[in-house]
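Below, each chain spelled out in residue letters.
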Amino acid sequence: MLDYHLHLWPHGQRDTDPTLDQVSAYCDQAAAHGVTEIALTEHLFRFRQADHLLRGFWDDEPNAALRASMEVYWDDHARADLDRYVGCVQAAKDAGLPVVLGLEVDYYRGRMDDVATLLAGYPFDVLLGSVHWIGTWRFDDLDDPASMDEWSARDVDDAWSDYVTAIEELAASGTCDVLAHPDLVKVAGHRPATPEECWDRLVEAAVSSGMAAELSSAGWRKPAAEPYPSPPLLRRFARHGVPLTTASDAHRLADVADRSAELARLLAAVEVDTLRAFRGRRPHDVPCHAGADLP
Ligand SMILES: [Zn+2]
Ligand SMILES: [Zn+2]
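Report follows, based on the coordinates. Given the structure is predicted, the values throughout are model-derived calculations rather than measurements.

Here's the deal with the coordination of the zinc ion (ligand 1)
The protein atoms donating to the zinc ion (ligand 1) are Glu-104 (OE), His-132 (NE2) and His-181 (NE2), with metal-donor distances spanning 2.0 to 2.1 Å. Along the chain, the residues donating to the zinc ion (ligand 1) are arranged with the sequence spacing E-x27-H-x48-H. The two metals, the zinc ion (ligand 1) and the zinc ion (ligand 2), are separated by 3.2 Å and share Glu-104 as a common coordinating residue. With His-132 in the loop between β4 (126–130) and α6 (145–153) and His-181 in the loop between β5 (178–179) and α8 (196–209), this residue pair connects regions lying 49 residues apart in the sequence. In this pair, the class of His-132 matches that of His-181, namely buried.

Here we look at the state of the cysteines
Within this structure, the stated rule accounts for zero disulfides. With no disulfide of its own, Cys-88 has Cys-27 as its nearest cysteine by sulfur position, at a separation of 10 Å. Judged by relative accessible area, which is 10%, Cys-88 ranks as buried.

Some points on the coordination of the zinc ion (ligand 2)
Around the zinc ion (ligand 2), the donor atoms from the protein are His-5 (NE2), His-7 (NE2), Glu-104 (OE) and Asp-249 (OD), and they sit 2.0 to 2.3 Å away. Each of the four donor atoms bound to the zinc ion (ligand 2) contributes to angles spanning 81 to 163 degrees, and the resulting shape is irregular. Sequence spacing of the donors to the zinc ion (ligand 2): H-x1-H-x96-E-x144-D. Residue His-5 is classed as buried on the basis of its relative accessible area of 0%. Since its relative accessible area comes to 0%, His-7 is described here as buried.

Here we look at the packing of aromatic side chains
A full pass over the atoms with the stated rule returns 15 aromatic pairs. Between Phe-45 and Trp-133, the aromatic rings sit 5.6 Å apart at their centres with planes inclined by 50 degrees, giving tilted as the arrangement. Placement of the pair is Phe-45 in the loop between β2 (37–43) and α2 (48–54) and Trp-133 in the loop between β4 and α6, with a sequence separation of 88 residues. Grouping residues by exposure puts Phe-45 and Trp-133 together as buried. Joined through ring pairs, the aromatic side chains of Phe-45, Phe-57, Trp-58, Tyr-73, Trp-74, Tyr-108 and Trp-133 make up one cluster.

A word on the sheet that holds strand β1 (residues 2–6)
Spatially, the seven strands line up as an open sheet ordered β1-β2-β3-β4-β5-β6-β7, and their pairing is parallel. Two strands in the sheet have a free side with no partner beyond their single neighbour: β1 and β7 (244–247). Bridge count for strand β3 (residues 99–106) against β4 is five bridges, and the pairing is parallel. Paired with Leu-103 across the two strands is Leu-127, which belongs to β4.

A word on the pairing of β1
Of all the five residues making up β1, five are buried; the element is thus mostly covered by neighbouring parts of the structure. Sheet topology note: the β1/β2 ladder contains three bridges and is parallel. Pairing of Asp-3 across the sheet is with Ile-38, part of β2.

Regarding a negative patch on the surface
Together, Asp-155, Asp-157, Asp-158 and Asp-162 line one region of the surface with negative charge. Assignment of secondary structure puts Asp-162 in helix α7 (residues 156–173).

Some remarks on the environment of Val-156
For Val-156, the location among the structural elements is in helix α7. Sequence spacing of Val-156 and His-190 is 34 residues, and the spatial spacing of their C-alpha atoms is 6.6 Å. Contact partners of Val-156, with chain neighbours within four places excluded, come to His-190, Arg-191 and Pro-192.

Structural notes on the nonpolar core
Counting 102 residues, the largest nonpolar core has Tyr-85, Leu-103, Phe-139 and Tyr-163 as the members making the most contacts within it. Looking at which element gives the most residues to this core, the answer is α7, with eight residues. Filtering out sequence-adjacent residues up to four positions away, Leu-103 remains in contact with Leu-40, Thr-41, Glu-42, Leu-44, Phe-47, Leu-82, Tyr-85, Leu-119, Phe-124, Val-126, Leu-127 and Leu-128.

Focus on unusual backbone geometry
Cis geometry is found at the peptide bond from Tyr-228 to Pro-229, where omega equals -10 degrees. In this model, His-181 sits at a positive phi of 25 degrees, which is unusual for a non-glycine residue. Residue His-181 is classed as buried on the basis of its relative accessible area of 2%. The phi dihedral of Arg-281 falls on the positive side, at around 65 degrees, and the residue is not glycine. Within the secondary structure layout, Arg-281 lies in the loop between β8 (274–279) and β9 (282–287). What makes Arg-281 partly exposed here is its relative accessible area of 31%.

A look at the packing of α8 against helix α9 (residues 231–239)
In the contact formed by α8 and α9, the axes pass within 10 Å of each other and the chain directions differ by 35 degrees. The way α8 lies across α9 gives a crossing that is right-handed. Here α8 contributes Glu-196, Trp-199, Asp-200, Leu-202, Val-203 and Ala-206 to the contact with α9, which in turn contributes Pro-232, Leu-233, Arg-236 and Phe-237. Across the contact of α8 with α9, the residue classes tally to seven nonpolar, no polar and three charged.

Cut-offs used in this document
The residue count restarts for each chain, going from 1 along the sequence in the order it is written. To read the labels, note that chains go from A and ligands from 1, taken in the order they are written. This being a predicted model, a pLDDT of at least 70 is required before a residue's local features are given, and a value of 80 or more before pairs of side-chain atoms are given or counted; all residues contribute to the totals for chains, interfaces and linings. No hydrogens and no water enter the side-chain calculation; it runs on all heavy atoms of the structure. Donor selection uses N, O and S atoms within 2.8 Å of the metal (3.2 Å for Na, K and Ca). Since no water is included, sites may look incomplete. Comment: elements are numbered from the N terminus, with helices defined as DSSP H or I runs of at least four residues and strands as E runs of at least two. Burial here depends on accessible area, computed with a 1.4 Å probe over protein chains only, as a share of the maximum for the residue type. Under 20% is buried, over 50% is exposed, and the range in between is partly exposed. The disulfide definition used here is simple: a pair of cysteine sulfur atoms within 2.5 Å. Donor angles set the geometry label: tetrahedral for four donors if every angle is between 85 and 135 degrees, square planar for four and octahedral for six if opposite donors exceed 155 degrees and the others are between 65 and 115, irregular for anything else. Any two rings among Phe, Tyr and Trp, with Trp reduced to its six-membered ring, count as a pair given centres within 6.5 Å; such a pair is stacked if its planes are under 30 degrees apart, edge-to-face if over 60, and tilted if neither. Note on pairing: two strands pair once DSSP finds at least 2 bridges between them. Only residues whose relative accessible area exceeds 30% and that form no salt bridge are eligible for patches; like-charged ones are grouped when within 9 Å, while nonpolar side chains (Val, Leu, Ile, Met, Phe, Trp, Tyr) are grouped when within 5 Å. Here the open area of atoms and residues is found with the Shrake-Rupley method and a 1.4 Å probe, where only the protein chains shown may cover a residue. One side-chain nitrogen of Lys or Arg within 4 Å of one carboxyl oxygen of Asp or Glu is enough to make a salt bridge. Neither His nor the chain ends is counted toward charge; the positive residues are Lys and Arg and the negative residues Asp and Glu. Just so you know, the charge point we use is NZ for Lys, CZ for Arg, CG for Asp and CD for Glu. Every residue pair with non-hydrogen atoms within 4.5 Å of one another is taken to be in contact. In these notes, a set of buried Ala, Val, Leu, Ile, Met, Phe, Trp, Tyr and Cys residues joined through side-chain atoms within 4.5 Å is what counts as a nonpolar core. For helices, the fitted line uses only the C-alpha atoms of the stretch in contact; every axis is such a line through C-alpha atoms, and the angle between N-to-C directions lies from 0 to 180 degrees. Handedness of a crossing follows from how the near helix is turned relative to the far one, being left-handed for an anticlockwise turn of less than a right angle and right-handed for a clockwise one. Residues are sorted three ways: Asp, Glu, Lys and Arg are charged, Ala, Val, Leu, Ile, Met, Phe, Trp, Tyr, Cys and Pro are nonpolar, and all the rest, Gly among them, are polar.

Here is the structure:
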């Protein structure tokens, strides 16, 4: 198994200097749960080097509460140094730890060429593509009242469709390798009566772009109370031959490789026996097995 989606810091934490000891502890925790390789994938928006490219994408937002919320959120996060992060993960790789260098890249409409140019200057192994906000609305920020209030102001079907449109645009941009938490829009527990059309569009976005899709245990830790993607969407990805990664999306050591054995069982149920791994953004497949020590 893989854990190809890991963060070094909780969202509220401002101490953002990565250490080799921290990466080593992540690898140990992963190995204890049958995970043979991890990818560190910190958010692009946590790094000062991206600030000038991305800051102000919320300026056109007509909702003042959402605009203000995003500005505060941004200033809370854009504090880490990308060179130090890359250097730390490189040092871990050089020390022989089973880790690859990644990043979680959000979708910024109209700015992805600039993002790609910035990232091309670093030796990333894998780039996750994510949609965490629709326009300026952080639909997945469960701790932000302004963002959660918006769920009652919007139509759930429209929210899902707008989310999928952003995923389609992100996939078409060709910037990233893996669709992270593909149906994240369900995070707060809001679902359309008939999600099948959105599921089909998500599968088509992956197929047409050649991106892999991530099977993540993080949804079990949220009100959605199920993995990303949901089992019917996972089945669709598998049926269309979309390569898969597995992930915990941990923001702390205790969640690294969370429920990897359950993810392995979900993969077995849809007859997937290989996972997609990456080196230097080139894909290769690895066998999918949970590890002999797991129940
Ligand atoms: Zn994410
Ligand atoms: Zn993440």
